[in-house]
Amino acid sequence: MKADVVIGLQWGDEGKGKIVDVLTPNYEVVARFQGGPNAGHSLEFNDKKFVLHTVPSGIFREGTINIIGNGVVVDPVILQDEIEKLEVVGVNVDAKLQVSKKAHLILPSHRMLDAASEAAKGKTKIGSTLKGIGPAYMDKTGRNGLRVGDILLDSFKEKYEQLRQKHIGILKQYEGFNSYEKDLAAYEEKWFKSIGRLKRLMLVDSEHTINKLLKQNKRLLAEGAQGSLLDMDFGTYPYVTSSNTVCAGACTGLGIAPSSIGEVYGIFKAYCTRVGSGPFPTELNDEVGERLRAMGKEFGATTGRPRRTGWLDMVALKYAVMISGVTKLIMMKTDILDTFETIKIAAAYRVDGVETEEFPYDVDGMEVEPIYREFKGWNQNLSSIKAEKDFPQELKDYIAYIEQETGVPIYLVSVGSDREETIIR
Ligand code: IMO
Ligand code: MG
């Protein structure tokens, strides 16, 4: 059996949590392949809302196996907190969750390094979620990192201490070291307690587990975090996250061969948002942007920060579709546009005076002006619609344009945050 992949095509927060939850009845295994607690995947059902950071979004469905893959970075404190919240609502996490021994650990000092680095950058800061993601991946690629499997070793404390000392040495070079040192001591206490909880989970060689499950024809859904424009290689560097968020990340982050990838579901919002710094060509710094933020409740699920908002960007969307070979598109938050008289999509850019449909090298350093195409709004409440035949013509036109430009069918349209408010075409 081939593995299907769900990825975000914009700057994150596309609604991956909801979609994985909606799709899981068709899957037996759900696996996260990159990122860490910088992610905030929201799910809503039975009038309740949950936000997951590290745990795969298949956890609520009966009988699913949920795997945190080798490509993920894990903060045991945040993981424990998530697990406890799930247990309160009756989810048997110990029976359903497996963690790769090769996943890297986010140390308390990684969090401090993240904070120190961002503070030192001043105006040019990334707008990181400050969860220690960047420093943890730096130690992974720098070959210094600690992995989940290391917690089982007798030498774990020693290895920890070694890395900690290295981090302290770096932290000393930053202003405000004393306060970082204090925060570090406080977080360390919690951290070591939660290592105890992590030890009680199923710690596995997930690449073997996953390939065996695929051989047994089990259906697996790989759940991405962040979005394609935050990808380490293809995003708006340096305003990106520290992992590969595109489809290829599922291969390296889970140990799945490229030839074993099936459907690639690409998720995008009917408009655009970005949280944190960095270029955003279609950003609206006016009442329209304000209205999108208010209607779409665009505030970060992980940090609570207000999200920047703007129109859908076809140049960026086509780029993301290309990099990941998306086979099915999923359009989210379509209902947020219900009351807009006119809806715009950036069909091309004018970069330093030249018109292009290609996403440029440095969106930040160049003058990028979106060239918009206007659409008539549907001015109708979509959330009560149950079938495609009831779509207003204006929405059909909007969908047809996106499908024609990307060359990929829109498989699913979301018209509200609840599981039920989803139309499969
Ligand atoms: P989900 O999975 C939106 C952004 C941060 C910052 C940049 C780098 O919920 O879509 P990092 O903490 O990774 O060093 O931050 O990436 N960012 C996200 N934005 N959704 C996310 O995850 C994000 N994870 C990171 O705001 O600009
Ligand atoms: Mg989010």
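Residues numbered from 1 in each chain as written. Chains lettered and ligands numbered in written order. Predicted model: local features only at pLDDT ≥ 70, side-chain atom pairs only at ≥ 80, totals over all residues. Heavy atoms only, no water.

Some remarks on the packing of aromatic side chains
Here is step 1 of the chain: What the rule picks out here adds up to 15 aromatic pairs.
Here is step 2 of the chain: Taking 5.1 Å as the distance between ring centres and 50 degrees as the angle between the ring planes, the aromatic pair formed by Trp11 and Phe280 counts as tilted. Here the residue Trp11 occupies a position in the loop between β1 (3–8) and α1 (16–23), and Phe280 occupies one in the loop between β12 (272–274) and α10 (287–295), the gap between them amounting to 269 residues.
Here is step 3 of the chain: Using a relative accessible area of 6% as the deciding quantity, one classes Phe280 as buried.
Here is step 4 of the chain: Measuring from ring centre to ring centre gives 5.4 Å for Phe375 and Tyr398, while their planes differ by 85 degrees; the resulting arrangement is edge-to-face. Separated by 23 residues along the polypeptide, Phe375 in strand β18 (residues 368–376) and Tyr398 in helix α12 (residues 393–406) bring together distant segments of the chain. Accessibility assignment for this pair places Phe375 and Tyr398 in one class, buried.
Here is step 5 of the chain: Clustering of aromatic rings is evident, with ring pairs tying together Phe156, Tyr160, Trp191 and Phe192.
Here is step 6 of the chain: Just above the ring of Tyr187 sits the side chain of Arg111; from NZ or CZ to the centre is 4.2 Å.
Here is step 7 of the chain: The residue whose ring lies beneath Lys344 is Tyr372, and the NZ or CZ to ring-centre distance is 5.6 Å. (Phe/Tyr/Trp six-rings, centres within 6.5 Å; stacked < 30°, edge-to-face > 60°. Helix = DSSP H or I, 4+ residues; strand = E, 2+ residues; numbered from the N terminus. Buried < 20%, exposed > 50% of the residue type's maximum accessible area, 1.4 Å probe, protein only. Lys NZ or Arg CZ within 6 Å of the ring centre and 35° of its normal.)

What to know about the sheet that holds strand β2 (residues 29–32)
Here is step 1 of the chain: Taken in spatial order, the 10 strands line up as β9-β7-β5-β2-β10-β1-β11-β15-β19-β20 in an open sheet, and their pairing is mixed. A strand with exactly one partner marks an edge of an open sheet, and here the two such strands are β9 (202–204) and β20 (422–424). Across the sheet, the mean angle separating the axes of adjacent strands is 20 degrees when strand polarity is ignored.
Here is step 2 of the chain: Lying over the sheet, helix α8 (residues 206–215) contacts β1, β2, β5 (65–68), β7 (97–100), β9 and β10 (220–223), oriented at roughly 145 degrees with respect to β5. (Pairing = 2+ DSSP bridges. Axes fitted to C-alpha atoms, helices over the stretch in contact; angles between N-to-C directions. Contact = heavy atoms within 4.5 Å.)

Re the confidence of the model for the chain
Here is step 1 of the chain: Considering every residue of the chain, the mean pLDDT works out to 96; 100% of them sit at 70 or more.
Here is step 2 of the chain: Within the chain, strand β8 (residues 104–105) carries the highest mean pLDDT (99), whereas strand β3 (residues 41–45) carries the lowest (91). (pLDDT = per-residue confidence, 0-100.)

Quick word on the site of ligand 1
Here is step 1 of the chain: Surrounding ligand 1, one finds 20 residues, the nearest of these being Asp13, Lys16, His41, Thr129 and Thr241.
Here is step 2 of the chain: Between Thr129 and ligand 1, the recorded distance is 2.6 Å, taken from a side-chain N or O atom to an oxygen atom.
Here is step 3 of the chain: One of the side-chain nitrogen or oxygen atoms of Arg305 is found 2.9 Å away from an oxygen atom of ligand 1.
Here is step 4 of the chain: Split by residue class, the shell around ligand 1 holds 7 nonpolar, 10 polar and 3 charged. (Near = heavy atom within 4 Å. Polar contact = N/O pair within 3.5 Å; in protein donor to acceptor, adjacent residues only side chain to side chain. Nonpolar A, V, L, I, M, F, W, Y, C, P; charged D, E, K, R; others polar.)

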